[in-house]
Amino acid sequence: MSHRGVGIVGYGVYIPWERIETEKIVRERERKRGKELEKVLEKVRHGLLLREKALAGHTEDTITIATEAAENAVRMAGISPDEIGSVTAGSESKPYAVGTIARHVASFIGMGQNVFVADLEGACNSGMQGVGFIDSEIRSGRIKYGLAIGADVAQAERGDPLEYSCGAGAGAYVLGRTDVIATIEDIAPFSSLFMDFWRRDQAAVPSHFGRTTVEAYKSHVIGAIANLFRKHPDLSLSEFDAITFHQPSGYLPMKTCTALTEDKIPYVDDESIAERMRLTEQDIEKKVKPWLKVLDTGNTYAASTLISLASVFDNSKPGDQVLAVSYGSGAYSNATWFEVQDGIEEKRGLTPTVEDYVKRKTTIKIETYQDLIRARLSRIKQRLEIPRIIGDIEPVNGKAFTLSLCYGCKRIYYPARETCLDSECPGRMEVKRYPLIARLKSVSKLPLKRRFTSNFELLDQNKVLFVDSKIQDLKPGVKLEGVLRRLDYEGKDGLIMYGIAYRPVFQETLALIARPKPLVIAPTQYA
């Protein structure tokens, strides 16, 4: 069955600002090994092919990183957010067990209310699985445009080898039939009940069988490619200009590539298919290795294939054939075949590339990393307490965000609401406006004695929070852009409160994206 005619209209990624070199973590966790430590480091560098990883900061979670990736995708698509009819969000690090990432993103970027929303399971495969679901909805005629997101703030037990690779990031793709940059030629699945990696309900971190994942990954990735080739008897790997895989590390994609160079390709009994799946060493160097983004981001789980695919598109030319093979433990794979179209040339430069985000970074110390991990893995009982840079700003143009402050329960609501969600809350609601693009007037660091000051109090005092920057970089007059951040949460069981923080302008054109307006809430109807 041909999928031709439906394709990618726009795509975007987000990679957090903070990074740490993998070697720093290994030295900290493996220091008792003594003389064996250098061998472990060598294995990580040249065996697992890990270099550094991206980390979500204290004000970031899967919803915030998914939102920026989605904004980038919509900006490249050149459509109004309210034209999007469906949103899927694949993740295994949901901020809410009940409460969707997809609906948060839809609200935060202004999609309105007439939209299908769904969060997807499927471990690391769920981001690309969403691409397949949205593709089907468009072909059915139910929607005109859809948005598929993969986003994760990956987790691992302290000292588990998985900790060395797990990173954070997001990828988002707007699909449609018009102005496409790459058509989806076909998608082929492969899945089986192969529990190499899992996380039980309420467990903070996943469990796994270690090297069992090697067999699970290889067999499902190769199985998905074989299924695609079974549907297309004239197709071969040599025809593809770029090939990218899910990247738990650099090791697994390379291990799979090695298997595809062998005389007898494992897991494929049909010799005619196996022959068409064979790669050469030259193919691997030219078509696979350039897209190993895991070296820069770590394993971004559901975002991994989406980010590496975006890197491919950042460098593609019309006519290129692209193969993206995702994988999720449990185990599932999708092999997705794209053909790059002429439209890609017109949309270059509208949003930051993967490389732009890779270069936008600060390297943190192991002590800072330990604090971040401790906060992620703890059962938090109090509100957000972090070192904060705050200050005053003035608008550069008339465009603005709006949020509400509830003076009864001290909650922050974004997008702005007219009434508190708690029907018994006696407090008044105040709508506040914050510019999309601003200029810095003054800046200071919140003193230690005020570390328990909530961001609600700061917003009430007309102070704003600065992120993704160091205080020495925030000089009066610096141009800033507003970004979505997690500003507070009510302990381990209450609401998470999102709102606006500011960073030095990274991509001013992003400010042109339509932002959410306060929703008019209809009165509750009772039967």
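A few points on the structure.

Considerations on the overall build of the protein chain
Stage number 1. Tallying secondary structure elements over the protein chain gives 15 helices and 22 strands in all.
Stage number 2. For the protein chain, the C-alpha radius of gyration of 23 Å lies close to 24 Å, the compact-globule estimate for 527 residues.
Stage number 3. Dimensions of the protein chain, computed from C-alpha atoms along their principal axes, come out at roughly 70 × 60 × 50 Å.
Stage number 4. Taking all 527 residues of the protein chain together, the buried fraction comes to 59%.

What to know about the nonpolar core
Stage number 1. Core analysis: the biggest nonpolar cluster contains 103 residues, and Leu147, Ile149, Phe313 and Phe338 have the highest contact counts within it.
Stage number 2. Sort the elements by how many residues they give to this core and helix α3 (residues 62-77) lands first, with 9 residues.
Stage number 3. When residues no more than four places from it in sequence are discounted, the contact partners of Ile149 are Ala66, Ala70, Val87, Thr88, Ala89, Gly90, Val105, Gly127, Gly171, Ala172 and Leu306.

Focus on the environment of Thr305
Stage number 1. Summarising the element assignment, Thr305 is placed in helix α11 (residues 304-314).
Stage number 2. Residue class for Thr305 comes out buried when judged on its relative accessible area of 1%.
Stage number 3. For the pair Thr305 and Lys293, spaced 12 residues apart in sequence, the C-alpha separation works out to 9.3 Å.
Stage number 4. Excluding residues that lie within four positions of it along the chain, Thr305 makes contacts with Met128, Phe245, His246, Ala324, Val325 and Ser326.

So, the packing of helix α5 (residues 126-140) against α11
Stage number 1. Taken N-terminus to C-terminus, the directions of α5 and α11 make an angle of 70°; their axes are 6 Å apart at the nearest point. The angle between the axes of α5 and α11 places the two elements in the roughly perpendicular class. Residues Gly127, Met128 and Val131 of α5 lie in contact with α11, whose contacting residues are Thr305, Leu306 and Leu309.
Stage number 2. For the contact of α5 with α11, the class distribution of residues is 4 nonpolar, 2 polar and no charged.

Focus on unusual backbone geometry
Stage number 1. Each neighbour pair has its own omega, and for Gly330 with Ala331 the value is 10°, a cis peptide bond.
Stage number 2. With respect to the element layout, Ala331 can be found in strand β13 (residues 330-340).
Stage number 3. Across the junction of Tyr414 and Pro415, the peptide omega takes the value -5°, indicating a cis bond.
Stage number 4. Tracing the chain through its elements places Pro415 in the loop between β17 (411-413) and β18 (429-435).

Calculation rules
- Residues numbered from 1 in each chain as written.
- Predicted model: local features only at pLDDT ≥ 70, side-chain atom pairs only at ≥ 80, totals over all residues.
- Heavy atoms only, no water.
- Helix = DSSP H or I, 4+ residues; strand = E, 2+ residues; numbered from the N terminus.
- Rg over C-alpha atoms; globule rule 2.2 N^0.38 Å.
- Buried < 20%, exposed > 50% of the residue type's maximum accessible area, 1.4 Å probe, protein only.
- Core = buried A, V, L, I, M, F, W, Y, C linked by side-chain atoms within 4.5 Å.
- Contact = heavy atoms within 4.5 Å.
- Axes fitted to C-alpha atoms, helices over the stretch in contact; angles between N-to-C directions.
- Parallel < 35°, antiparallel > 145°, perpendicular 65-115°, else oblique.
- Nonpolar A, V, L, I, M, F, W, Y, C, P; charged D, E, K, R; others polar.

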